[in-house]
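# Reading the structure
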Amino acid sequence: MSAAKSQAASRRGAQRRAQTRSALIKAAQRLIAEERTNVAILEITQLADVGIGSFYNHFESRDELFEAAVHDALEVQGAFLDQLTTGLDDPAAAFARSFRMVGRLHRHVPELSKVILSKGASLITSDHGLAPRALRDIRAAVEAGRFSTRDPGAALLIAGGAALALAQQLHEHPEVDAAVLTDTVTESLLLMLGLSAEDARDLVAHDLPEVDGPFEGRPKAAS
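Throughout what follows, the structure given in this document is the object of discussion. (Residues numbered from 1 in each chain as written. Predicted model: local features only at pLDDT ≥ 70, side-chain atom pairs only at ≥ 80, totals over all residues. Heavy atoms only, no water.)

Attention now goes to the overall build of the chain. Along the backbone of the chain there are 10 helices and 0 strands. Secondary structure of the chain in N-to-C order comes out as α-α-α-α-α-α-α-α-α-α. Burial status across the chain gives 41% buried among its 223 residues. Sequence separation of at least 24 residues holds for 71% of the intrachain contacts in the chain that already meet a minimum separation of 6. (Helix = DSSP H or I, 4+ residues; strand = E, 2+ residues; numbered from the N terminus. Buried < 20%, exposed > 50% of the residue type's maximum accessible area, 1.4 Å probe, protein only. Contact = heavy atoms within 4.5 Å.)

So, in structure tokens, the structure goes:
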């Protein structure tokens with residue numbers, strides 16, 4: 001076999017492996033969102049439409065797969081937030097935009113939201129997703145004189161608790177307007193962090209970008 005053909009075969013093999021892993025992770029995310037994590041590996045592979053032997057080429061156990069599925073969801077959220085705040089010079093505006101958009105995502109991509117929320121309170125101190133970005137923005141806003149909180153870590157705990165409570169409220173009460181409630185919570189957080197009432201109102205009144213990019217191809221709520 002020529003070197004070119006060998007390289008092409010290697011690329012195809014890598015692509016197939018990546019597709020299989022992605023299918024298993026998406027199947028696991030669906031099961032987590034449906035609160036059906038105590039299932040047989042055979043059911044997971046059937047849902048992913050892959051052979052059961054393929055499962056063990058990627059994961060040693062069901063728990064390892066579910067952990068990877070949550071990590072993937074947090075990485076998707078993190079990539080989205082990075083995309084969302086690129087070019088913003090004001091860290092207070094970055095914090096507000098991120099919080100407002102994450103609140104709306106519970107309705108826009110409910111399955112992904114439920115996967116992320118399966119980690120519970122540990123999300124608040126996670127190294128992935130919203131938490132590290134919120135802490136970064138809080139610290140930067142303090143340094144820039146925009147926030148006056150004396151303890152960014154404590155502020156993150158408060159914001160994280162608010163984010164989890166907001167998510168639960170939106171999932172349990174579909175009649176609630178997600179945008180209105182999220183913006184109300186965001187404004188209250190901005191006031192707690194030290195912004196003036198005028199500045200807080202101004203930041204939650206800013207237009208938000210369209211949701212796309214990392215969420216392309218994922219299940220979304222019916223419009």
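Attention shifts here to the pattern of salt bridges. Under the defined criterion, the tally for this structure stands at 9 salt bridges. Across the salt bridge formed by D183 and R100, the nearest N and O atoms sit 2.9 Å from each other. A residue pair is termed long-range when its members are at least 10 positions apart, and D183 in helix α9 (residues 178-193) and R100 in helix α5 (residues 91-108) qualify at 83 residues. If you follow the salt bridges from partner to partner, you end up with R30, E34, R36 and E43 in one network. (Salt bridge = Lys/Arg side-chain N within 4 Å of Asp/Glu carboxyl O.)

A surface patch of nonpolar side chains, about 300 Å² in accessible area, is lined by L42, I52 and Y56. In this structure I52 comes out as partly exposed when scored by relative accessible area, which is 42%. (Patch = residues over 30% accessible without salt bridge, like charges linked within 9 Å, V, L, I, M, F, W, Y side chains within 5 Å. Areas by Shrake-Rupley, 256 points an atom, 1.4 Å probe, with all protein chains shown as cover.)

Located in the positive-phi region is E35, a residue other than glycine, with phi close to 55°. Residue placement: E35 occurs in the loop between α1 (3-33) and α2 (41-48). By relative accessible area, which is 73% here, E35 ends up exposed. Positive phi is not limited to glycine here, since D49 has a value of about 60°. Positionally, D49 belongs in the loop between α2 and α3 (52-58). Exposure remark for D49: the relative accessible area of 69% places this residue in the exposed category.

The next point concerns the side chain of T149. Structurally, T149 can be placed in the loop between α7 (130-143) and α8 (152-172). Given the relative accessible area of 16%, T149 is considered buried. With near-sequence residues (within four places) excluded, T149 lies in contact with I138, V142, A155 and L193.

One pass over the structure, following the stated rule, counts 4 aromatic pairs. Ring centres 6.0 Å apart and planes at 90° place the aromatic pair F95 and F147 in the edge-to-face group. Remark: F147 occurs in the loop between α7 and α8 and F95 occurs in helix α5; sequence separation between them is 52 residues. This pair shows no difference in class: F95 is buried, exactly as F147 is. Taken together through their ring pairs, the aromatic side chains of F55, Y56 and F59 make up a single cluster. (Phe/Tyr/Trp six-rings, centres within 6.5 Å; stacked < 30°, edge-to-face > 60°.)

Remember, this is a structural readout, not a statement about activity or role.
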